[in-house]
Amino acid sequence: KNEVEQSPQNLTAQEGEFITINCSYSVGISALHWLQQHPGGGIVSLFMLSSGKKKHGRLIATINIQEKHSSLHITASHPRDSAVYICAVPQGGSEKLVFGKGTKLTVNP
Amino acid sequence: NAGVMQNPRHLVRRRGQEARLRCSPMKGHSHVYWYRQLPEEGLKFMVYLQKENIIDESGMPKERFSAEFPKEGPSILRIQQVVRGDSAAYFCASSSRTGRDSPLHFGNGTRLTVT
């Protein structure tokens, strides 16, 4: 069974700061998902990655398959980045995703 | 190109009533997933469906819960005889191919409150 651990659980930053959120998992995977859940509750898929690094705007996701670890970085953070960021990985070879508990990010102006 | 549409956004039911949650996947998507988010908890997989087939329902409670994805129309998650513990946000996601290899597109969720 794949276990997913995220850190930190809560993160408060000042506008403009560089943010890093970490995700570790216990079993080898084909791909890892980063999701964003806004205060209104909607969920947006940010990245799906299986190796290396992906960038979209101010967001960067990296993954190290050997170390079973992924990071999500936000450069020049903004109050609108305030949300819960969730990491998810497949359970074994199935379609089931196992989710981390999320990291609640608050960016103050 | 509409995204994943879930309705209703909010649903209030009394104990013992039935709840029907609907999910229309993105156009061209034939894979649908349902997830539940209990208050103050993380998301949990419930069921994975393709058109007219339940592929994996291992995350769904054995009783009172059922799901379908008919050939025509939205996917339906049905909860019979609801109890207070069913109060949660239910999210649907769709993809164009298996989720392991394909980004997921989520709906805005249905927030079920059982009184």
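Located above this text is the structure these notes cover.
As the structure is a computational prediction, the values presented were derived from the model and not from experiment.

Trainee: Is there a simple way to explain the packing of aromatic side chains in this structure?
Mentor: Aromatic ring pairs are defined here through the distance separating the ring centres and the angle between the ring planes. Throughout the structure, instances matching the rule amount to five aromatic pairs over all chains. Taking the centre distance of 5.2 Å and the plane angle of 85 degrees together, the rings of F99 of chain A and Y35 of chain B count as edge-to-face. Placement of the pair is F99 of chain A in strand β10 (residues 97-99) and Y35 of chain B in strand β4 (residues 31-37), with the two residues belonging to separate chains. Accessibility assignment for this pair places F99 of chain A and Y35 of chain B in one class, buried. Clustering of aromatic rings is evident, with ring pairs tying together F99 of chain A together with Y33, Y35, F45, Y48 and F106 of chain B.

Trainee: Help me understand the sheet that holds strand β8 (residues 69-74) of chain A, please; the structure alone is not making it clear to me.
Mentor: Whether parallel or antiparallel, the strands of a sheet pair through hydrogen bonds between backbone atoms. All names here are of chain A. Spatial strand order, β1-β3-β8-β7-β6: five strands in an open sheet with antiparallel pairing. With partners counted over all chains shown, the strands left at the sheet margins are β1 (4-7) and β6 (52-56), one partner each. Averaged over all neighbouring strand pairs, the angle between strand axes comes to 15 degrees, with direction disregarded. Of the pairings in the sheet, the one linking strand β3 (residues 19-25) to β8 comprises six bridges and is antiparallel in character. By the bridge assignment, S24 is partnered in β8 with H69.

Trainee: Would you take a moment to explain the sheet that holds strand β8 (residues 75-79) of chain B for this structure?
Mentor: All names here are of chain B. Read across the open sheet, the four strands follow the order β1-β3-β8-β7; overall the sheet is antiparallel. Each edge of the open sheet carries a strand with a single partner, namely β1 (5-7) and β7 (65-68). Strand-to-strand, the axes of this sheet are offset by a mean angle of 15 degrees, without reference to chain direction. Where strand β3 (residues 19-24) lies against β8, five bridges are found, and the strand directions are antiparallel. Bridge pairing in β8 places L21 opposite L77.

Trainee: I keep staring at the layout of surface pockets and nothing clicks. Help me out?
Mentor: Picture a little ball the size of a water molecule; that probe, rolled over the atoms, points out where space is still empty. Estimated volume of the largest pocket: approximately 1300 Å³. Lining of the largest pocket is provided by 42 residues; of these, K101 of chain A together with Q37, E41, G42 and L43 of chain B occupy positions nearest its centre. Every element with two or more residues in the lining of the largest pocket is listed here: β1, β9 (83-90), β10 and β11 (103-108) of chain A together with β5 (43-50) and β9 (88-95) of chain B. The element contributing the most residues to the lining of the largest pocket is β11 of chain A, with four residues. Class assignment of the residues belonging to the lining of the largest pocket gives a composition of 15 nonpolar, 17 polar and ten charged.

Trainee: How should the pairing of β8 of chain B be read in this particular structure?
Mentor: For a regular strand, the rule is simple: side chains alternate between the two faces of the sheet. Residue and element names in this part refer to chain B. Counting buried positions along β8 yields four of five residues, so the element is predominantly enclosed. Bridge analysis of β7 against β8 gives four bridges, and the strand direction is antiparallel. Each residue of the ladder has a partner; that of E68, found in β8, is I76. Hairpin connection between β7 and β8: a loop of six residues separates the two successive antiparallel strands, and G73 in this loop has a positive phi of roughly 100 degrees.

Trainee: Any chance you could explain the state of the cysteines here in plain terms?
Mentor: Defined simply, a disulfide is a covalent bond joining two cysteines at their sulfur atoms. Summed over the entire model, instances satisfying the criterion amount to two disulfides over all chains. Each sulfur of the disulfide joining C23 of chain A and C87 of chain A lies 1.9 Å from the other. Because the torsion about its S-S bond is -50 degrees, the bridge between C23 of chain A and C87 of chain A counts as left-handed. Here the residue C23 of chain A occupies a position in strand β3, and C87 of chain A occupies one in strand β9, the gap between them amounting to 64 residues. Across the disulfide from C23 of chain B sits C92 of chain B; the S-S distance is 1.7 Å. Disulfide C23 of chain B-C92 of chain B: torsion about the S-S bond near -45 degrees, hence left-handed. Linking C23 of chain B in strand β3 with C92 of chain B in strand β9, this pair joins segments that are 69 residues apart in sequence. Taking relative accessible area as the criterion, C23 of chain B reaches 0% and is therefore assigned buried. Given the relative accessible area of 0%, C92 of chain B is considered buried.

Criteria and cut-off values
- Residues numbered from 1 in each chain as written.
- Chains lettered and ligands numbered in written order.
- Predicted model: local features only at pLDDT ≥ 70, side-chain atom pairs only at ≥ 80, totals over all residues.
- Heavy atoms only, no water.
- Phe/Tyr/Trp six-rings, centres within 6.5 Å; stacked < 30°, edge-to-face > 60°.
- Helix = DSSP H or I, 4+ residues; strand = E, 2+ residues; numbered from the N terminus.
- Buried < 20%, exposed > 50% of the residue type's maximum accessible area, 1.4 Å probe, protein only.
- Pairing = 2+ DSSP bridges.
- Axes fitted to C-alpha atoms, helices over the stretch in contact; angles between N-to-C directions.
- 1 Å grid on protein atoms, 1.4 Å probe; cavity = no way out; pocket = protein on both sides within 12 Å on 5 of 7 lines; lining within 4 Å.
- Points joined across faces, edges and corners; volume = space filled by probe spheres on them.
- Nonpolar A, V, L, I, M, F, W, Y, C, P; charged D, E, K, R; others polar.
- Disulfide = S-S within 2.5 Å.

That's the geometry; what it means functionally is another story.
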